[in-house]
Amino acid sequence: MVQTASGQMQPDPLGLDRGYYLDRDCTTLSRHVLQQLQSFGPDAQDISALMNRIGLAGKLIARRLSRAGLVEGTLGFTGEVNIQGEEVKQMDFFSNAVFISTFKQSGLVCRLASEEMDKPYYIPENCPIGRYTLLYDPLDGSSNLDVNMNVGSIFAIRQQEGYDEEGEALDLLQDGHKQIAAGYILYGPSTLLVYSIGTGVHSFTLDPSLGEFILAEENIKVPEHGPVYSVNEGNFWQWEECYRDYIRYVHRHDGYTARYSGALVGDIHRILCQGGVFLYPGTVKNPDGKLRLLYESAPMAFLMEQAGGRASTGSQDILNVVPEKLHQRTPLIIGSKEDVGLVESFISDRKRRETET
């Protein structure tokens, strides 16, 4: 029973006296996209439908991951090697297949480009009307699976330009400003979907009982400066001296803490929430770094800039980099503005000293 304004008692249909009410508005992903676009026109409905499909792929992958170790064919390797020269895990293969299967039915996407595939996957039945391309890393950090640590999916949506009759996807070789949406799904203690369509950064939590991504936080802003630096220090002696200078600096100053999980999505999410900087510099073995521009660096840069942060190669903003090939790699420095600027200052100082000598 609940008490009315007049003091009378009446039945409680919402269960407020028993704690059954929800503690936030149940804004779903599709509803939120339409609200952000402030439109119910065809383009807005397309983007909402695409985000719904991405959410569906995330739900299917999350369900599979929740049974890892119990279902045959979930952990371990397939025995194949992808275009990057990396051994393919069972969940890499499954996650890539999930995205393809999900978007085959969308009618909106003509091509899917994945770091797991040499060339884009074309959906001929969608191409007459499908105006969009999905670029994605189906399962980032899959090396963490066998030790039950977090992994994620990264995605970006671009509008197709021209008809791509030769099947070369040359219109994708443009800078990151051409992305109309980007985000990631983090599979951890809960499943989070974080996205931006150019109107801020927003996060959603998957409610398994409802089967829906529910709004958790709107307009996320990364702090101007943070305590976290995230980098694989095992590569210390493989970096240029400027990056070693930066690491020596944070080692000698109070207020910094190292956090590195080996999964880009998890490390970037921490930076987004707490502030700081994530680095993946080039090495002697891989001068251009390890991360793929179109599938990892550019989508994350889009998000971080929308949250008030920055993303750089060390010499230019990531979103200004024009790729020469689909699987181009690039160094990445991403996070809070002050922290990215500090790393860049070590790079420019080292170059200046080398020029002077």
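Since the structure is predicted, the reported quantities are computational estimates derived from the model, not experimental observations.

Colleague: Provide a residue-level description of the pairing of strand β7 (residues 132-140), including the pertinent values.
Modeller: Looking along a regular strand, one sees side chains alternate from face to face of the sheet. Most of β7 is tucked away: 9 of the 9 residues are buried. Note that strand β5 (residues 109-114) and β7 share 5 bridges and pair parallel. When the bridges of β7 are listed, Leu-112 appears paired with Leu-134. Pairing of β7 with strand β8 (residues 151-159), which is carried by 7 bridges, proceeds in the antiparallel orientation. Residue Thr-133 lies in a different strand from β8, and its bridge partner there is Arg-158.

Colleague: How would you sum up the sheet that holds strand β17 (residues 332-335)? Please name residues and give values.
Modeller: Overall, mixed pairing links the 5 strands, which are arranged β14-β13-β15-β17-β16 in an open sheet. Each end of this open sheet is capped by a strand with a single partner; those strands are β14 (257-258) and β16 (310-312). Alignment of strand β13 (residues 228-230) against strand β15 (residues 276-280), held across 3 bridges, turns out to be parallel. Each residue of the ladder has a partner; that of Val-228, found in β15, is Gly-276. Each of β13, β15 and β17 touches helix α4 (residues 241-252); the most contacted strand, β13, lies at about 145° to it.

Colleague: Could you give an account of helix α5 (residues 264-274), with specific residues and numbers?
Modeller: The buried count for α5 comes to 8 of 11 residues, which makes it a mostly enclosed element. Along α5, the positions that sit buried rather than exposed are Leu-264, Val-265, Gly-266, Asp-267, Ile-268, His-269, Ile-271 and Leu-272. Backbone geometry just after α5 places Gly-275 at a positive phi near 85°.

Colleague: Can you break down the UniProt feature "binding site: substrate" (unreviewed entry) in the protein residue by residue, with the values?
Modeller: Under the local residue numbering, the UniProt record ascribes the feature "binding site: substrate" (unreviewed entry) to Asp-140, Gly-141, Ser-142, Ser-143, Asn-232, Tyr-260 and Lys-290. Set against the second largest cavity, the annotated residues that line it come down to Asn-232. Those residues in contact with Tyr-260 that sit more than four places away from it in its chain are Ser-230, Val-231, Asn-232, Asp-267, Phe-278 and Tyr-280. Along the chain, the position of Lys-290 falls in the loop between β15 and α6 (293-306).

Colleague: Requested: an account of the pattern of salt bridges, with residues and values cited.
Modeller: Summed over the entire model, instances satisfying the criterion amount to 12 salt bridges. Across the pair Glu-241 and Arg-244 runs a salt bridge whose closest N-O atoms are separated by 2.3 Å. With Glu-241 and Arg-244 both in helix α4 and 3 residues apart, this pair spans about one turn of that helix. Overall, Glu-241 belongs to the partly exposed group, its relative accessible area being 25%. The partner of Arg-248 in a salt bridge is Glu-241, and the shortest N-O contact between them spans 2.8 Å. Each of Glu-241, Arg-244, Asp-245 and Arg-248 takes part in a single network of salt bridges with overlapping partners.

Procedures and definitions
Residues numbered from 1 in each chain as written. Predicted model: local features only at pLDDT ≥ 70, side-chain atom pairs only at ≥ 80, totals over all residues. Heavy atoms only, no water. Buried < 20%, exposed > 50% of the residue type's maximum accessible area, 1.4 Å probe, protein only. Helix = DSSP H or I, 4+ residues; strand = E, 2+ residues; numbered from the N terminus. Pairing = 2+ DSSP bridges. Contact = heavy atoms within 4.5 Å. Axes fitted to C-alpha atoms, helices over the stretch in contact; angles between N-to-C directions. UniProt positions renumbered as here; feature names shortened; annotations may be inferred. 1 Å grid on protein atoms, 1.4 Å probe; cavity = no way out; pocket = protein on both sides within 12 Å on 5 of 7 lines; lining within 4 Å. Salt bridge = Lys/Arg side-chain N within 4 Å of Asp/Glu carboxyl O.

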